[in-house]
Amino acid sequence: MRIILLFALSIGFLFPARFIHADSGEDELFSTAQRAFNDGFHDVAIKYFEEFLPKYSESSKLNQVRLLLGQCYFLKNDYAKALTQFESILTMTEDRDALLFWLGETQLKLSSNDKAHGYYQQLINAYPSSVYMPQAMYSMAWSFFDQKDYLKAKEIFLNLNTRFPKHPLAEDAMLKAAQCLYNTGDYVNASKSFEQFIVMYPQSAKSMDAYLNMADAYYYADNYDQALVGYEKAIKANQDSRSVQLAMIGKIWCLIKKKSYDPAQKVIKEAMDFARQKNLSIEDLHLVMGQLLYEKGDYEGAVSAYQRLIAEFPAGVHRLEAYLGLANAYYLLKKYAEAVSSFKFLLDHR
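Let me begin by describing the structure that accompanies this report. (Residues numbered from 1 in each chain as written. Predicted model: local features only at pLDDT ≥ 70, side-chain atom pairs only at ≥ 80, totals over all residues. Heavy atoms only, no water.)

## Some points on the overall build of the chain
For step 1, the next point in the chain: The number of helices and strands found in the chain is 18 helices and zero strands.
For step 2, the next point in the chain: Taken over the C-alpha trace, the chain has a radius of gyration of 28 Å; the compact-globule value for 350 residues is 20 Å, which it surpasses by more than 25%.
For step 3, the next point in the chain: Its C-alpha atoms give the chain principal-axis dimensions of about 90 × 40 × 35 Å.
For step 4, the next point in the chain: The buried share among the 350 residues of the chain stands at 48%.
For step 5, the next point in the chain: Of the contacts formed within the chain by residues at least 6 apart in sequence, a portion of 51% connects residues at least 24 apart.
For step 6, the next point in the chain: A total of about 17800 Å² of accessible surface is found on the chain, and carbon and sulfur atoms cover 52% of it.
For step 7, the next point in the chain: Each charge sign in the chain was given a centre, from 38 positive and 41 negative side chains, and these centres are 5 Å apart. (Helix = DSSP H or I, 4+ residues; strand = E, 2+ residues; numbered from the N terminus. Rg over C-alpha atoms; globule rule 2.2 N^0.38 Å. Buried < 20%, exposed > 50% of the residue type's maximum accessible area, 1.4 Å probe, protein only. Contact = heavy atoms within 4.5 Å. Areas by Shrake-Rupley, 256 points an atom, 1.4 Å probe, with all protein chains shown as cover. Lys, Arg positive; Asp, Glu negative; His and termini not counted. Charge placed at Lys NZ, Arg CZ, Asp CG, Glu CD.)

Below, the structure written as structure tokens:
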């Protein structure tokens, strides 16, 4: 999920006594509304800002009121109303960097990515020292990432990390840049980037995921020795049971690739015990067991493993892979009728 640091809690339809005001003038109404906004009472703030607009239509605070009102609507997820307020003050010059940022955020929520990019770019070009700069860069990079334009996303994420190394978003930006490389299939550079992230942010809560991502990148780069090292580190570093299980499964696949079948079988047993202890699915383990037995030449054993997967997880994510494994194993066992049946199932469900 994209991170937004400019965050406020919204409490609906609460009107605390301290917000009740006697209308004694423009300044008091504005300050009351602004105090409600700052305290996170956006419904209250909306009430007072909307009261302010017709009552003081010639006020010098009008643009500021609309900017704050637009933010209230945004934080209430009413993006159409937020956009109306922001677009009504497009010519404002004071706090323009804030306006451009919120226009970008709102267009992004409305899936108008090109318009959002345009507003972010205006902010980046015109206000390089704005407090909104890091968040605008992050939001724009995230939108490219979400659109699978990983090269553009990576460039902006890295630029953010370089320009604002102490900003709270810098850490996540660097991790996202590594994920961009991974998603483009550049596994060699992705593995190096994940490793660099771990070195730069050794205390990060996300370093655990980085170990797993780094190991996966090494695996897909056919560097099984380094992948094994990464999976071992992920197993030791991770507190999340599912992530530990994924690292154990990755370790098994590496051992199979290295034809280290006995160690792989030992890790499968450990992973099975761990899964039962933590109440985790063993679908992946049935699949990798089938592949291990297939690679060893134990085709009957492979058939049994794949059949267990299909029986226990008839709608599982690895069902088609199991049928493919079955078909190949049956073929090598010269059980051609069974092989044809499995291949037919694959064709019917592709």
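## Let's talk about helix α3 (residues 62-75)
For step 1, the next point in the chain: The first and last C-alpha atoms of α3 sit 20 Å apart over 14 residues, in line with the 20 Å expected at 1.5 Å per residue.
For step 2, the next point in the chain: Counted residue by residue, α3 has eleven buried out of 14 residues, so it is predominantly covered.
For step 3, the next point in the chain: Taken together, the buried positions of α3 are L62, V65, L67, L68, L69, G70, Q71, C72, Y73, F74 and L75.
For step 4, the next point in the chain: The secondary structure elements touched by the buried residues of α3 are α1 (26-38), α2 (42-55), α4 (79-87) and α5 (96-109).
For step 5, the next point in the chain: One or two residues past the end of α3 sits N77, with phi positive at roughly 65°. (Expected span 1.5 Å × (residues − 1).)

## Concerning helix α9 (residues 168-183)
For step 1, the next point in the chain: Along its 16 residues, α9 runs 24 Å from first to last C-alpha, staying within 8% of the 22 Å computed at 1.5 Å per residue.
For step 2, the next point in the chain: Taken across its 16 residues, α9 has twelve buried, putting it largely inside the fold.
For step 3, the next point in the chain: Buried within α9 are the following residues: L169, A170, D172, A173, M174, L175, K176, A177, A178, Q179, C180 and L181.
For step 4, the next point in the chain: Once α9 finishes, G185 follows within two positions and takes phi at roughly 85°, a positive value.

## Thoughts on the packing of aromatic side chains
For step 1, the next point in the chain: Counted by the stated rule, this structure contains 18 aromatic pairs.
For step 2, the next point in the chain: Note on F101 and Y132: the rings are 5.1 Å apart at their centroids and 35° apart in plane angle, and the pair reads as tilted. Residue F101 is located in helix α5, and its partner Y132 is located in the loop between α6 (113-126) and α7 (133-146); the two are separated by 31 residues in the primary sequence. Comparing F101 with Y132 shows no difference in burial state: the two are buried.
For step 3, the next point in the chain: Measuring from ring centre to ring centre gives 5.6 Å for W142 and F145, while their planes differ by 20°; the resulting arrangement is stacked. (Phe/Tyr/Trp six-rings, centres within 6.5 Å; stacked < 30°, edge-to-face > 60°.)

## Quick look at the environment of K206
For step 1, the next point in the chain: Secondary-structure assignment places K206 in the loop between α10 (187-200) and α11 (207-220).
For step 2, the next point in the chain: Along the sequence, K206 and L175 sit 31 residues apart, while their C-alpha atoms lie 8.4 Å from each other.

## What to know about the side chain of E283
For step 1, the next point in the chain: Within the element layout of this structure, E283 appears in helix α15 (residues 283-296).
For step 2, the next point in the chain: In this structure E283 touches L309, F313, G316, V317, H318 and R319, once residues within four positions along its chain are discounted.

## Quick look at the pattern of salt bridges
For step 1, the next point in the chain: Summed over the entire model, instances satisfying the criterion amount to 15 salt bridges.
For step 2, the next point in the chain: D225 serves as the salt-bridge partner of K258, at 2.7 Å between the closest nitrogen and oxygen. Within this pair, whereas K258 is found in the loop between α13 (241-257) and α14 (261-278), its partner D225 is found in helix α12 (residues 224-237), the two being separated by 33 residues in sequence.
For step 3, the next point in the chain: Taking the relative accessible area as the measure of exposure, K258 reaches 35% and is therefore partly exposed.
For step 4, the next point in the chain: Assessed through its relative accessible area of 45%, D225 is described here as partly exposed.
For step 5, the next point in the chain: Here E232 ties to K251 by a salt bridge, and the two come within 2.2 Å at their closest N and O atoms. Here E232 is found in helix α12, whereas its partner K251 is found in helix α13, with 19 residues between them in sequence.
For step 6, the next point in the chain: The class for E232 is partly exposed, based on a relative accessible area of 27%.
For step 7, the next point in the chain: We classify K251 as buried; its relative accessible area is 17%.
For step 8, the next point in the chain: One network of salt bridges, with partners in common, ties together E26, D27 and K61. (Salt bridge = Lys/Arg side-chain N within 4 Å of Asp/Glu carboxyl O.)

## Observations regarding the packing of α3 against α5
For step 1, the next point in the chain: Axis separation between α3 and α5 bottoms out at 11 Å; the angle between their running directions is 30°. In terms of orientation, α3 lies roughly parallel with respect to α5. Crossing handedness for the pair α3 and α5: left-handed. Residues L67, Q71 and F74 of α3 form the contact with α5, whose participating residues are A98, L99, W102, E105, T106 and K109.
For step 2, the next point in the chain: By residue class, the composition of the contact of α3 with α5 is five nonpolar, two polar and two charged. (Axes fitted to C-alpha atoms, helices over the stretch in contact; angles between N-to-C directions. Parallel < 35°, antiparallel > 145°, perpendicular 65-115°, else oblique. Left-handed = near helix turned anticlockwise from the far one by under 90°. Nonpolar A, V, L, I, M, F, W, Y, C, P; charged D, E, K, R; others polar.)

It is worth stressing that arrangement in space is one thing and function is another; only the former is reported here.
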